[in-house]
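Coordinate analysis (summary)
Residue-level listing of the chains:
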Amino acid sequence: MSLIVIEGLDGSGKGTQSQLLYTAMQQSGRPCRKISFPNYESPSSALVKMYLAGEFGKQADSVNAYAASTFYAVDRYASFKKDWEPEYNAGSLILADRYTTSNMVYQLTKLPRGEWEPFLAWLSDLEYQKMGLPRPDCVLYLDMPVEVSQQLLTGRYQGDSAKKDIHEANVGFLQQCRESALYAAQKFGWTVIPCAREGSPLPREEIARAVLQKLKEVGIFLC
């Protein structure tokens, strides 16, 4: 059984790289399922949508790390139990655009550094033990500097910053998230893939080649 996670900050190209990798997997002939979080089409994401829309407060830290984490964890649990548990248990490869790893990236920043380790232990116990969600076999972190990702987000919303959610709109928060992401990457052995050079994003094809190469190196995916 293999669960591959594509992780990264907002505007890092996760959706694009997930789709390119999914297409490559389909071409290889190996059974594969692509999933994405939050699952905005499901009622299970209701609290996530309220949180990101600022209904609990206009700042990311208006909701503490533990409460916000449960919003996302419940959405993942519903997705697993309703949609992809049988395929995972049958040995299909599951490709996730975000996962438990996003709670690590985005919620650590709300806590003092000395509380990071207890939070990570609590989160892992909640999602992997109490909820029974599978642990990732491989996490690929797309490392896009925040100043570059902000340019990409501005283009996504045609220059209308009002369309950004409370995470996307807070540059300082995202800078802290990049620090927590690299911390988690080192602790849990995530593969970090640089996605920019000299202040500009790398071509998506170049990033896709790096993704495939890293998967080959860990023996999960060969094409």
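Predicted model only: the values in this text are computed from it and were never measured.

Grouped together as the largest cluster of nonpolar side chains are 41 residues, with contacts concentrated most on Y51, W84, Y99 and W190. Looking at this core, the elements that each hand over two or more residues are β1 (2-8), α2 (46-52), α3 (65-89), β3 (93-97), α4 (100-107), α5 (116-130), β4 (138-143) and α7 (171-188). Looking at which element gives the most residues to this core, the answer is α3, with seven residues. By size, the runner-up hydrophobic cluster in this structure holds 20 residues, among which are C32, L93, L95 and I220.

Moving on: unusual backbone geometry. Of all residues except glycine, most have a negative phi; of all peptide bonds, most are trans. A cis geometry characterises the amide bond from F37 onward to P38, with omega recorded as -5°. Position of P38 relative to the elements: it lies in the loop between β2 (32-36) and α2. Positive phi, close to 75°, is recorded for R98, a residue that is not glycine. Looking at where R98 falls in the secondary structure, it is placed in the loop between β3 and α4. Positioned with a positive phi, E198 is a non-glycine residue whose angle comes to about 55°. You can see E198 is positioned in the loop between β6 (196-197) and β7 (200-201). Take E198: its relative accessible area is 80%, and that puts it in the exposed class.

Definitions and cut-offs
Sequence order sets the numbering: in each chain, residues are counted from 1 along the sequence as written. Thresholds applied to this predicted model are a pLDDT of at least 70 for local features of residues and 80 or more for the giving and counting of side-chain atom pairs; totals over whole chains, interfaces and linings are not thresholded and use all residues. Excluding hydrogens and water, the side-chain values take into account all heavy atoms of the structure. Buried Ala, Val, Leu, Ile, Met, Phe, Trp, Tyr and Cys residues that are joined via side-chain atoms within 4.5 Å together make up what is termed a nonpolar core. Summary of the burial criterion: residues with accessible area below 20% of their type's maximum are buried, those above 50% are exposed, and those between are partly exposed, where the area comes from a 1.4 Å probe applied to protein chains only. The numbering of helices and of strands both runs from the N terminus, where a helix is a DSSP run of H or I of at least 4 residues and a strand a run of E of at least 2.

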